[in-house]
Amino acid sequence: MKALVTVELQLCGDLFFSLCRADGIQHQLGTLLRTGLIRNNAVVIEITDDRKIQESLLGSDVRNMMLGSLYAIIAGPTTLKVPQHAMTLSDFHVLWFVLGIAVMLGLEALKKHMQKAPVHWHTNLPGTLDLMRQSVRISRQSQQKGKQAMFQLICKDGHARRGTFTTPHGTVQTPVFMNVGTQAAIKGALSAEDLETIGCQVELSNTYHLHVRPGDELIRDLGGLHKFMTWDRPILTDSGGFQIFSLAQLRKITEEGVAFNCHVDGRHIFMGPEESMRIQANLGSDIAMAFDECIKIPSPYDYVKNSCDRTYRWLQRCKTALADYTGRDDAVNPGQVLFGINQGTIFQDLRIEHMKKIADLDLAGYAIGGLAVGETTQEMYDTIAAVEPYMPTDKPRYLMGVGTPGNIIESVARGVDFFDCVMPARNGRHGHLFTWSGVINIKNEKYQRDEQPIDPQCDCPVCRRYSRAYLRHLFKAEEMLAMRFAVMHNLYFYNTLMQRIRTAIEAGEYEAFRKSYTSVLDMRI
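Below, the structure is looked at part by part. (Residues numbered from 1 in each chain as written. Predicted model: local features only at pLDDT ≥ 70, side-chain atom pairs only at ≥ 80, totals over all residues. Heavy atoms only, no water.)

## Here's the deal with the nonpolar core
Alright, step 1. Counting residues in hydrophobic clusters, the biggest one holds 96 residues, and the most contacted among them are Ile 501 and Tyr 510.
Alright, step 2. If one sorts the elements of this core by residue count, helix 19 (residues 480-506) sits on top with 14 residues.
Alright, step 3. When sequence neighbours within four positions are dropped, the list of residues in contact with Tyr 510 reads Asp 157, Ala 160, Ile 408, Ile 409, Val 412, Ala 413, Ile 501, Ala 504 and Ile 505.
Alright, step 4. Listed in part, the 19 residues of the second largest apolar core include Val 176, Ile 287, Tyr 398 and Met 400. (Core = buried A, V, L, I, M, F, W, Y, C linked by side-chain atoms within 4.5 Å. Buried < 20%, exposed > 50% of the residue type's maximum accessible area, 1.4 Å probe, protein only. Helix = DSSP H or I, 4+ residues; strand = E, 2+ residues; numbered from the N terminus. Contact = heavy atoms within 4.5 Å.)

## Observations concerning the sheet that holds strand 8 (residues 170-174)
Alright, step 1. Spatially, the 3 strands line up as an open sheet ordered 6-7-8, and their pairing is antiparallel. The sheet is open, and its two borders are formed by strand 6 (150-157) and strand 8, each paired with just one other strand. Neighbour to neighbour, the strand axes of the sheet diverge by 15 degrees on average, direction disregarded.
Alright, step 2. Sheet topology note: the strand 6/strand 7 (residues 160-167) ladder contains 7 bridges and is antiparallel. (Pairing = 2+ DSSP bridges. Axes fitted to C-alpha atoms, helices over the stretch in contact; angles between N-to-C directions.)

## Quick look at the packing of aromatic side chains
Alright, step 1. Following the criterion strictly, the structure yields 17 aromatic pairs and no others.
Alright, step 2. Look at Trp 436 and Tyr 517: their rings are 5.3 Å apart centre to centre, the planes differ by 75 degrees, and that puts the pair in the edge-to-face class. With a gap of 81 residues between them, Trp 436 in the loop between strand 20 (432-435) and strand 21 (438-441) and Tyr 517 in helix 20 (residues 510-521) connect regions that are remote in the sequence.
Alright, step 3. On the basis of relative accessibility, which here comes to 5%, the residue Trp 436 falls in the buried class.
Alright, step 4. A ring pair is formed by Phe 493 and Tyr 494, whose centres lie 6.4 Å apart and whose planes are at 65 degrees; its orientation type is edge-to-face.
Alright, step 5. A relative accessible area of 1% places Phe 493 in the buried class. (Phe/Tyr/Trp six-rings, centres within 6.5 Å; stacked < 30°, edge-to-face > 60°.)

## Examining helix 19
Alright, step 1. Between its terminal C-alpha atoms helix 19 stretches 40 Å, which fits the 39 Å expected from 27 residues at 1.5 Å a residue.
Alright, step 2. With respect to burial, helix 19 is a largely interior element, 23 of its 27 residues being buried.
Alright, step 3. Following helix 19 by one or two positions, Gly 508 adopts a phi angle in the positive range, close to 70 degrees. (Expected span 1.5 Å × (residues − 1).)

## What to know about the packing of helix 16 (residues 405-412) against helix 19
Angle between the axes and distance between the axes: these two values describe a pair of packed helices.
Alright, step 1. Here helix 16 crosses helix 19 at 25 degrees, and the two axes come no closer than 11 Å. As far as their axial angle goes, helix 19 and helix 16 are roughly parallel. Between helix 16 and helix 19 lies a crossing of right-handed hand. Residues Pro 405, Ile 408, Ile 409 and Val 412 of helix 16 pack against Phe 493, Tyr 494, Leu 497, Met 498, Ile 501 and Ile 505 of helix 19.
Alright, step 2. A breakdown of the residues in the contact of helix 16 with helix 19 according to their chemical character gives 10 nonpolar, no polar and no charged. (Parallel < 35°, antiparallel > 145°, perpendicular 65-115°, else oblique. Left-handed = near helix turned anticlockwise from the far one by under 90°. Nonpolar A, V, L, I, M, F, W, Y, C, P; charged D, E, K, R; others polar.)

## Description of the sheet that holds strand 10 (residues 203-206)
Alright, step 1. Spatial strand order, 9-10-11-15-16-17-18-19: 8 strands in a closed barrel with parallel pairing. On average, each strand axis in the sheet is inclined to that of its neighbour by 30 degrees, with strand direction left out of account.
Alright, step 2. Relative to strand 10, strand 9 (residues 176-180) runs parallel, the two being bridged by 2 bridges. Bridging from a neighbouring strand, Val 180 pairs with Leu 204 of strand 10.
Alright, step 3. The sheet strands contacting helix 12 (residues 273-283) are strand 11 (235-238), strand 15 (287-289) and strand 16 (337-342), and the helix crosses strand 15 at an angle near 160 degrees.
Alright, step 4. Relative to the sheet, helix 19 contacts strand 9 and strand 19 (418-420), its axis offset from that of strand 9 by approximately 165 degrees.

Spelled out as structure tokens, the structure:
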């Protein structure tokens, strides 16, 4: 078949794109995207008029290609899904890939077909191209900075922020929800490959738990956490501070750190800033969290003030220690960076004072910790709003341990970029499933004969194939598959929620999105 158009794009690496349809365009133009093996830093892309090939591919569930890949760059992980397999490219490479297609088809044609695409796709062509140009500039800047992580704010809608955070293991599109794999695994039997399938950008593991078992030195000897769990995208490790204060017994806090008994076998452990940084350096995560004291709510004002002062001194020691570990020749991840944590419970003056002090340390990012541990939802929102003006605008903001879909939407509106929570996995394991209409309990009898997917609006691997009736049966029969399917669906829902949040911010429609979904998504139906 003779190609109607042949264009050569310069790319890096060796990748293979199998034949796949140009979703959303081929029905109008009668064309098929066909690509070959990338060799010698170039790929040849051909547009053909092979109707027979088109018809054979009409049944393929191929998304995020052509226009889908454009959407993925702007609003989600840069993964191009093709039949049988999926590949992840850097933003820079995919940008040039899509720009080349845009030139071939003509910008007006692309605009016309984008407007016919699903409503959650970004349809403002000039704005999209501006964002693409900014992303290209960001990629060039990150290459100049080497492996050091860097945040770039792309656009804002009110206080809601759309950005990118570049790490040694890839660029994160923000706002982002980090999928929690405390012990280097998602509870619910999801693998690293599953995380790729459901659109996870950042995996979160815990320093304390991995230190206890299998041991951070063992993981280091085996090449670091990325290699250990075969995950090649960004990883954030929590410092272990929250687990120490929530799980450990007979603990004693001093200026040096915390002495406590392990919750697994009772053995004595001491952990301070230097120990936490050593463990996280051994794990080789991309983002290391500072060692801090997570203070219970309520606590006396004087105790909270003294704790904040000590946490600040610990943060200074964390910064010095991590710089030492990552600067060594045998560092697992020389590009590992440190996020500081703001504390102060719900005392806004202490929160602000503490935030001002830690902001002066010029860290790679900053978290708001010690929330969602006993305060009211409104107190949490008020605390975020009080602290946000004092957080550096050129660094990512991370709200630790939060939360429901409504919590996330409201916190994004207050300027937060990163989130994590065990809720989607934990609730899923108990049969509570998130949908775009609200939360359902799949164990309820009303789903016994229900042949619908969990959520008709969801295209996760579970919803594409299985019914509510089947999933209910799995839970009633106590099959392990029930938890796997439920957790997979819930995490996919959260990751998709973040995609839609990013799209709404880009389009300048975040307030409308917020009003439409904040209360609905947390409602039990």
